[in-house]
Amino acid sequence: MLQRALKERFHLAYHTEDKLLPGYVMTVAKGGTKLAEAKDPTAASNCQSAQDKTTPGQATLTCTSETMAKFLAMFGGAFPHPVIDHTGLTKS
C-alpha cells in the first residue's frame, strides 16, 4: 500500500532485490552447548575480562547469569558486521 502511494503521488520507481550482506551468525556447535545454566537465574549478570597470558593481545571473557541476547547486545558491537543469534539459548 505504501509503495503504491509513493508511486502514484510522487512518481517514485522502486525495485526489490535479494542481496547477500556481510555478517555473523551465532550458532551452537554440532556437539551441543557446553554452557551451564545459571545457578541463580535472578542474580545480576556479570562479565569479567582478563588478559590471556599465553597469547598476547587476546583476552578471556567470563560471564555469569547472562543470556545470549544480553551478551550479543553488549559485545556484538565489537564485530565489524552484525551478529545474528541462532543459538536458541534463552536461559541465563
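The structure we're discussing is the one just above.
Scoring rules and cut-offs
- The numbers attached to residues start from 1 for each chain and follow its sequence in the written order.
- For this predicted model, a pLDDT threshold of at least 70 governs which residues receive local features, and a threshold of 80 or more governs which side-chain atom pairs are given and counted, while totals over whole chains, interfaces and linings are taken from all residues.
- Based on all heavy atoms of the structure, the side-chain values leave hydrogens and waters out of the count.
- Ring pairs are drawn from Phe, Tyr and Trp, using the six-membered ring of Trp, whenever the two centres fall within 6.5 Å, and their geometry is named by plane angle: stacked under 30 degrees, edge-to-face over 60, tilted for the rest.
- Helix and strand labels come from DSSP, where a helix needs a run of H or I of at least four residues and a strand needs a run of E of at least two; each type is numbered from the N terminus.
- Classification of residues uses two cut-offs on accessible area relative to the type maximum, computed with a 1.4 Å probe and protein chains only: under 20% is buried, over 50% is exposed, and between them is partly exposed.
- Within this analysis, patches are made of residues with over 30% relative accessible area and no salt bridge. Like charges are joined at 9 Å or less; nonpolar side chains (Val, Leu, Ile, Met, Phe, Trp, Tyr) at 5 Å or less.
- To measure how exposed things are, a 1.4 Å probe is used in the Shrake-Rupley method; for residues, cover is taken only from the protein chains shown.
- What counts as a salt bridge is simple: a side-chain nitrogen of Lys or Arg found within 4 Å of a carboxyl oxygen of Asp or Glu.
- For this analysis, residues touch if any pair of their heavy atoms sits within 4.5 Å.
- Count a disulfide wherever a pair of cysteine sulfur atoms falls within 2.5 Å.
- Using only the protein atoms, space was sampled on a 1 Å grid; points where a 1.4 Å probe fits but cannot get out form cavities, open sets with protein on both sides within 12 Å along at least five of seven lines form pockets, and lining residues are those with an atom within 4 Å of a point.
- Grid points are joined across faces, edges and corners, and a volume is the space filled by probe spheres set on the points.

## So, the packing of aromatic side chains
Then comes step 1: Tallied over the full model, the rule gives two aromatic pairs.
Then comes step 2: Both rings, one in Tyr24 and one in Phe79, keep their centres 5.5 Å apart while their planes meet at 55 degrees; by these two values the pair is tilted. Placement of the pair is Tyr24 in strand β1 (residues 24-26) and Phe79 in the loop between α2 (68-75) and β4 (83-85), with a sequence separation of 55 residues.
Then comes step 3: By relative accessible area, Tyr24 is classed as partly exposed at 35%.
Then comes step 4: Residue Phe79 is classed as partly exposed on the basis of its relative accessible area of 42%.
Then comes step 5: Geometrically, the ring pair formed by Phe71 and Phe75 is tilted, given 5.2 Å between the ring centres and 45 degrees between the ring planes. Within this pair, Phe71 and its partner Phe75 are both found in helix α2, separated by four residues, close to a single helical turn.

## Some words on a nonpolar patch on the surface
Then comes step 1: A surface patch of nonpolar side chains, amounting to about 400 Å² of accessible area, comprises Leu2, Leu6, Phe10 and Leu12.
Then comes step 2: Residue placement: Leu6 occurs in helix α1 (residues 2-10).

## Remarks on the side chain of Thr67
Then comes step 1: Turning to its location among the elements, Thr67 is positioned in the loop between β3 (59-64) and α2.
Then comes step 2: Assessed through its relative accessible area of 15%, Thr67 is described here as buried.
Then comes step 3: Non-local contacts of Thr67, meaning those with residues more than four positions away in its chain, are made with Thr90, Lys91 and Ser92.

## Regarding the state of the cysteines
Then comes step 1: Inspection of every chain in the model, using the stated rule, returns one disulfide.
Then comes step 2: Between Cys47 and Cys63 runs a disulfide, and the two sulfur atoms are separated by 2.2 Å. Taking the sign of the torsion about the S-S bond as the criterion, the disulfide between Cys47 and Cys63, at about 115 degrees, is right-handed. One end of the pair, Cys47, is in strand β2 (residues 46-51); the other, Cys63, is in strand β3, with 16 residues separating them in the sequence.

## Quick look at unusual backbone geometry
Then comes step 1: Phi at His11 takes a positive value of approximately 55 degrees, unusual for a residue other than glycine.
Then comes step 2: Looking at the secondary structure, you find His11 in the loop between α1 and β1.
Then comes step 3: Using a relative accessible area of 68% as the deciding quantity, one classes His11 as exposed.
Then comes step 4: Despite not being glycine, Ser65 shows a phi value in the positive range, around 50 degrees.
Then comes step 5: Mapped onto the fold, Ser65 is located in the loop between β3 and α2.
Then comes step 6: On the basis of relative accessibility, which here comes to 14%, the residue Ser65 falls in the buried class.

## Notes on the layout of surface pockets
Then comes step 1: Its volume calculated, the largest pocket comes out at about 700 Å³.
Then comes step 2: As for the largest pocket, its lining consists of 25 residues, and the residues nearest its centre are Leu35, Ala36, Glu66, Met68 and Leu89.
Then comes step 3: Those elements that provide at least two residues to the lining of the largest pocket are β3 and α2.
Then comes step 4: Among the elements that line the lining of the largest pocket, the one with the most residues is β3, at four residues.

By themselves these figures say nothing about function.
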